[in-house]
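Results of the structural survey
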Amino acid sequence: MKKYDYLVVGAGLAGCTIANLLKKNNKRVLIIEKEDHIGGMCYSEKRENIEVHIFGPHIFHTDSKEVFDFVQQFSPFNNFVNQPKAYKNGKLYSLPYNMNTFYEVFNTIKPCDAKKVIDEEIKKENIKNPANFEEKCLSLVGRTIYEIFIKDYTAKQWKTDPKNLPASLASRLPLRFYYDNNYFNHRYQGIPEIGYTKMLQNMIDGIKIEFNTDFNKDIKKYIDMAEHVIYTGSIDELLDFKYGILNYRTLRFEHKVLDVDNYQGTAVINNNEKDVPYTRSIEHKFFNYSQTEKTVVSYEYPEEYKLGCVKYYPSLQQKDNELYMKYLDEIKTTFPNLHVLGRIAQYKYLDMDKVIIEAFELFKQLTKNF
Ligand code: UDP
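The structure contained in this document is the topic of the report that follows.

Rules behind the numbers
Residues numbered from 1 in each chain as written. Predicted model: local features only at pLDDT ≥ 70, side-chain atom pairs only at ≥ 80, totals over all residues. Heavy atoms only, no water. Phe/Tyr/Trp six-rings, centres within 6.5 Å; stacked < 30°, edge-to-face > 60°. Helix = DSSP H or I, 4+ residues; strand = E, 2+ residues; numbered from the N terminus. Buried < 20%, exposed > 50% of the residue type's maximum accessible area, 1.4 Å probe, protein only. Lys NZ or Arg CZ within 6 Å of the ring centre and 35° of its normal. Polar contact = N/O pair within 3.5 Å; in protein donor to acceptor, adjacent residues only side chain to side chain. Near = heavy atom within 4 Å. Areas by Shrake-Rupley, 256 points an atom, 1.4 Å probe, with all protein chains shown as cover. Nonpolar A, V, L, I, M, F, W, Y, C, P; charged D, E, K, R; others polar. Contact = heavy atoms within 4.5 Å.

1. Quick look at the packing of aromatic side chains
For the structure on display, the rule yields 25 aromatic pairs. With centroids separated by 6.2 Å and ring planes inclined at 55°, the aromatic side chains of Phe 55 and Tyr 312 adopt a geometry described as tilted. Of this pair, Phe 55 sits in the loop between strand E4 (50-53) and strand E5 (60-62) while Tyr 312 sits in the loop between strand E14 (295-303) and strand E15 (313-314), and the two are 257 residues apart along the sequence. Among the residues examined, Tyr 312 registers a relative accessible area of 7% and is labelled buried. Its guanidinium or amino end placed over the ring of Tyr 248, Lys 311 lies 5.8 Å from that ring's centre, counting from NZ or CZ.

In structure tokens, the structure reads:
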């Protein structure tokens, strides 16, 4: 019999969730983590007594009561509601695209008037079957909104022309003909009051974890330690990049401590200017309503991905997806007891709640014979 039932590779949200479920099911679990801390992209730490989301703003939102009940076991959640603003040409606009935005852009007060303006713009575009992100946006919101809010921001963020991105990305952008600046349509929303890192720490309480331990440095050794491996890293590494490097979108964050108690008056401002290199400025104290004398503001810069960079988002390009599938097919036969989980390993643009749902699903599959 092997030493562990499950080896979980990576202590981010995916790894911590599955480890928790398996442990509760009396499985013998070991987590290995190549960094010296848990959290993955959710990692947060206190600076100036403010919980800072080191890898970008993480706002928890879901429609699933099961998911929200699950996370609330590990931290109380506050009632933060994401109401980001967008900056363009010296003006600050409301997001997502709703009656407040239409008033700011078109001066329309009534939904029927805003709808009329946008419908006319959509008609003018005459796009029947949107083939890419740009066409999809134009067919949903018309040219004015697209050009103020989406075109330059997206080009900057994804480092490509929006025409090269899939239409499906547009499903992340809500459009509303009522006055409501809540960015998400989901029923449950908030930020863990104790911070993401401590929340995840509670999730894996009592589970053995080894830090500074890289699975890919000695795959054979680690595979032999457990009956099953749950892998949350990038799968090209498992086959030593034999078909080439899988592409991701990466970011660089500049975290600044400012000697003022309130710098931008809100948690997130998107910067839609083409020539400003960052996409968002994030003032962390607003996530947790922290009363502090100083503030911490982070600027988010999209960067060209190279091997060794932090992987934030899977690429949305068809050719990269094909490469992923090629790796996945081979991994299934080379490592039959290895299961992939999470945004990086599954190569899907999953929000936090979806990562947890994927972990629930995998757990059900793994334990159905017991
Ligand atoms: N987007 C945009 N303008 C905005 C916000 C979003 O064009 O002000 C586009 C952009 O292409 C982005 C996508 O919509 O990648 C999804 O945005 P979301 O806010 O969901 O991105 P995330 O928070 O996951 O980075």
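2. A closer look at unusual backbone geometry
Comment: phi is negative for the bulk of residues other than glycine, and the bulk of peptide bonds are trans. With an omega of -15°, the peptide bond between Leu 95 and Pro 96 qualifies as cis. Among the secondary structure elements, Pro 96 is positioned in the loop between strand E7 (91-94) and helix H3 (99-106). With a phi close to 50°, Lys 159 is a non-glycine residue in the positive phi region. Phi is positive for Phe 241, close to 60°, though the residue is something other than glycine. A relative accessible area of 25% places Phe 241 in the partly exposed class.

3. Let's talk about the environment of Asn 98
Within the element layout of this structure, Asn 98 appears in the loop between E7 and H3. Residue classification places Asn 98 among the buried positions, given a relative accessible area of 0%. Put simply, Asn 98 and Asn 181 are 83 residues apart on the chain and 7.0 Å apart in space, counted from C-alpha to C-alpha. A distance of 3.0 Å separates a polar atom in the side chain of Asn 98 from a polar atom in the side chain of Asn 100.

4. A few points about the site of the ligand
Of all residues adjacent to the ligand, which total 17 residues, the nearest are Thr 154, Gln 157, Trp 158, Tyr 313 and Tyr 349. Trp 158 has a polar side-chain atom sitting 2.7 Å from an oxygen atom of the ligand. When the ligand is considered free in solution it has 520 Å² of accessible area, and contact with the protein chains removes 93% of it. Along the lines of polarity and charge, the residues of the shell around the ligand split into twelve nonpolar, three polar and two charged.

5. Some words on the side chain of Asn 182
Here Asn 182 lies in the loop between helix H5 (133-158) and strand E8 (188-190). Residues in contact with Asn 182, not counting those within four places in the same chain, are Val 81, Asn 82, Gln 83, Pro 96, Arg 176 and Gln 189.

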